[in-house]
Amino acid sequence: MLSPAAAPAAPFRPAVPRPRTEPMGLFAFLRAARANPLTTWYEEHFEKPIVTGEGALGRVTVVSEPSAIRHVMVDNAANYRKDDLQRRVLAPGLGNGLLTAEGDEWRLQRRTLAPIFSPRHVAGFEAPMAEAAARLARRLKKRDGQSVDAALEMTRVTLDVLERTIFTHGLAREPDALGRAITRYFEALGPIDPLDVFGMPDWLPRIGRLKARPALRFFAEVVDELIERRRALVASGAQAPHDLLTLLLQAQDPETGRGLSDLEVRANIVTFIGAGHETTANALTWTLYCLSQDETARETVEAEIDAAFAESPAPGLDALPRTKAALEEAMRLFPPVPFMSRQALAEDRIGRIKIPRGSLVTVAPYVLHRHRRLWDQPDAFMPERFLPENRARIDRYAYLPFGAGPRVCIGASFSVMEATLVLAHVLHAVRLDRAPEAGPVVPLHRVTLRPQDGLRMRVTARG
C-alpha cells in the first residue's frame, strides 16, 4: 500500500453548479434558466437513463441512454427537428443557415458545404493552422510574467485560423472588434427569454434581441464587405481562392441547379464566423484551465509536446495523442454546446417511454458526459480516458461534443485539428497558470459554454 507521500495526486474536479434535489416552481425555473441553465439540472438527470416530465416547455424527455440517443439522432432522425425555442434564440443572429435550416433547405446547404470539410481538404489546412498557432505562441512568450485573458487569446487565434483557411482574403475587420461583437451576441441572446419559452409572437420585443442589435449590425457589415470584395474579384477575371466563401457563392444543387440565395450565403458566413469559431475557442479555454489545475496531466502533455517539437518544427496530430486526449476530456467536462433538443414530428416510443407528437426530446452533452452510469469518476479531469488504447471503450453515443447523426457538426475534424495544434504550440512556448488576482471560474451556459468572466492566467515562458 502506498504511503500518503507516495500516493498519486487526486484528479482535478472543476467546480460546477451542484445538481438540484428540490423541485422548482415555474417562476424559479425561469429565473434560473435565464441566469444560467446549468443550474436547472437535478440529481436524477445524472443518475437515470431517461427522465420525463411536464414543465415550462411542456412535456420534455431528457435522454442519456446511448441506444436511445442513437434512436433519436440517427435511426429515427427524420421524425425529429430542431425545436422552436432553439430557432427563436439562434435565428435572429445566425439567420437560416446550416445550424438553423430544416428539410430540403438544410440538405442543400449541407451538400454545398461538405466538400470544404472533407478529410482531404481539412488536412490541407494543417499548415495555416500551425502558422496561426505559432503566431499566438510568439505573442504569449513576449508576455512572460504578465497576466492575460486566455479566453480572449483563444478567440483571437481561432479568428486568425478562419482568416487563413476558410476566408483566405481575411475578414476585413480588426479581429478583436469581431471577437467582442461575437461575445456580445452570445451574452445578449444566450439568456432564455420567457416570451420565447411560452411561444409568444416574434413581433413582441425581446430584451436580448434589442441588446444584440449592435453586434448583428456589425456582423452584417462584415459579411457584406466579404461578399462584395469576393464578387469584385471574380468579376475582374482573377482566380478566386477555393474557400468557403467561393463555394457558397458558386454553389448549385446537383439535382435542381439552384444556388444559394444571398440570405443563405450571409447566414452561413455568420454561422461559421460566430458559432464555428466560438465553440473551438471555448474548448481551448477549458483545456488550458483544466491543465493549469492538474500538474501531473500538464507535465505529461508538455513532455509529449516537447518530444514532438524535437522531432519536427511542425508536429502533426499523430505525434500528439495525449494533447488531443486532454482536449477531448475538457470537452467532456465542458462541452462547447451543452444542450440539444428536438421536437417530435409524430408520436414515437423510446423503449417503454411514449414520446407524444410535438413534445421535446433533450440530449444534453453536459449531463450525458457527467452521467454516473456511463463514466467512472464523471466529475474528474482524467485525459487518459481518451488515449487510443482506451478510446474504444467509450460508447459513440455517450460522448457528443459535436452532436451525432445527419446534423453532426460539419466542422468537427477541422475544430479538433485546430485546437490540438494550438495547444501544442502554446504549451511548448509558455505555461499558463491561474492569475493571482483571478476570481473563481464559473461555467456559464450562453448557447455555448464559456467561463463567466473570462480566464485570467499568468504567463511563464518555457525554455
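Residues numbered from 1 in each chain as written. Predicted model: local features only at pLDDT ≥ 70, side-chain atom pairs only at ≥ 80, totals over all residues. Heavy atoms only, no water.

Caption draft 1: Molecular detail of the sheet that holds strand E4 (residues 147–149). Taken together, three strands build an open sheet; the order of strands is E4-E12-E9 and the sheet is antiparallel. Each edge of the sheet is formed by a strand with only one pairing partner; in this case those strands are E4 and strand E9 (430–434). Recorded for the sheet is a direction-independent mean angle of 40° between the axes of neighbouring strands. In terms of strand pairing, E9 meets strand E12 (residues 456–461) through five bridges, oriented antiparallel. Across the sheet, residue Val430 finds its bridge partner in E12, namely Ala461. (Pairing = 2+ DSSP bridges. Helix = DSSP H or I, 4+ residues; strand = E, 2+ residues; numbered from the N terminus. Axes fitted to C-alpha atoms, helices over the stretch in contact; angles between N-to-C directions.)

Caption draft 2: Expanded view of the packing of helix H12 (residues 262–292) against helix H14 (residues 321–333). In contact at an axis separation of 8 Å, H12 and H14 are set at 105° when each is read in the N-to-C sense. One way to sum up the angle between H12 and H14 is to call them roughly perpendicular. Across the interface between the two elements, Ala283, Trp286, Thr287 and Leu291 of H12 pack against Ala326, Leu327, Ala330 and Met331 of H14. Class assignment of the residues belonging to the contact of H12 with H14 gives a composition of seven nonpolar, one polar and no charged. (Parallel < 35°, antiparallel > 145°, perpendicular 65-115°, else oblique. Contact = heavy atoms within 4.5 Å. Nonpolar A, V, L, I, M, F, W, Y, C, P; charged D, E, K, R; others polar.)

Caption draft 3: Fine view of the nonpolar core. With 106 residues, the main nonpolar core has Ile166, Phe167, Leu178, Ile269 and Ile273 as its most contacted residues. Among the elements that take part in this core, H12 stands out by supplying 13 residues, more than any other. Here Leu178 is in contact with Leu159, Leu171, Phe218, Phe219, Val222 and Ile273, once residues within four sequence places are set aside. With 16 residues, the next largest nonpolar core counts Val63, Ile355, Val361 and Leu368 among its residues. (Core = buried A, V, L, I, M, F, W, Y, C linked by side-chain atoms within 4.5 Å. Buried < 20%, exposed > 50% of the residue type's maximum accessible area, 1.4 Å probe, protein only.)

Caption draft 4: Layout of the environment of Gln252. Secondary-structure assignment places Gln252 in the loop between helix H11 (244–250) and H12. Taking C-alpha positions, Gln252 is 9.4 Å from Arg111, a pair spaced 141 residues apart along the chain.

Caption draft 5: Here's a closer look at unusual backbone geometry. One non-glycine residue, Gln377, lies in the positive phi region at around 45°. As for its position among the elements, Gln377 is in the loop between helix H15 (365–368) and helix H16 (388–391). Its relative accessible area of 30% is what places Gln377 among the partly exposed residues. Despite not being glycine, Val447 shows a phi value in the positive range, around 70°. Position of Val447 among the secondary structure elements: in the loop between strand E10 (443–446) and strand E11 (448–451). In this structure Val447 comes out as partly exposed when scored by relative accessible area, which is 22%.

Caption draft 6: Fine view of the sheet that holds strand E1 (residues 50–55). One open sheet holds the five strands; their spatial order is E1-E2-E8-E5-E3, and the pairing between them is mixed. In this open sheet, the two strands that pair with only one neighbour each are E1 and strand E3 (80–82). The average undirected angle you get between the axes of adjacent strands in this sheet is 30°. Sheet topology places strand E5 (residues 340–344) next to strand E8 (residues 360–363); four bridges connect them, and they run antiparallel. Bridging across to E8, Gln343 finds its partner in Leu360. Lying over the sheet, helix H2 (residues 66–75) contacts E1, strand E2 (58–63), E3, E5 and E8, oriented at roughly 120° with respect to E8.

Caption draft 7: Structural view of the packing of aromatic side chains. Within the structure shown, the criterion is met by nine aromatic pairs. Ring centres of Phe125 and Phe414 lie 5.5 Å apart, and the angle between their planes is 75°; this geometry places the pair in the edge-to-face category. Within this pair, whereas Phe125 is found in the loop between helix H5 (119–123) and helix H6 (126–141), its partner Phe414 is found in helix H17 (residues 412–429), the two being separated by 289 residues in sequence. Per residue, the accessibility class of Phe125 equals that of Phe414, and both read buried. Ring centres of Trp286 and Phe334 lie 3.9 Å apart, and the angle between their planes is 10°; on these two criteria the pair is classed as stacked. Taken together, the residues span a long stretch of sequence, with Trp286 in helix H12 and Phe334 in the loop between H14 and E5 at a distance of 48 residues. A single burial state applies to Trp286 and to Phe334, both of which are buried. Here the aromatic cluster, defined as three or more aromatic residues joined through ring pairs, consists of Phe12, Trp286, Tyr289 and Phe334. Over the aromatic face of Trp375 sits the side chain of Arg332, whose NZ or CZ is 5.1 Å from the ring centroid. The ring centre of Tyr397 lies 5.4 Å from the NZ or CZ of Arg396, which sits over that ring. (Phe/Tyr/Trp six-rings, centres within 6.5 Å; stacked < 30°, edge-to-face > 60°. Lys NZ or Arg CZ within 6 Å of the ring centre and 35° of its normal.)

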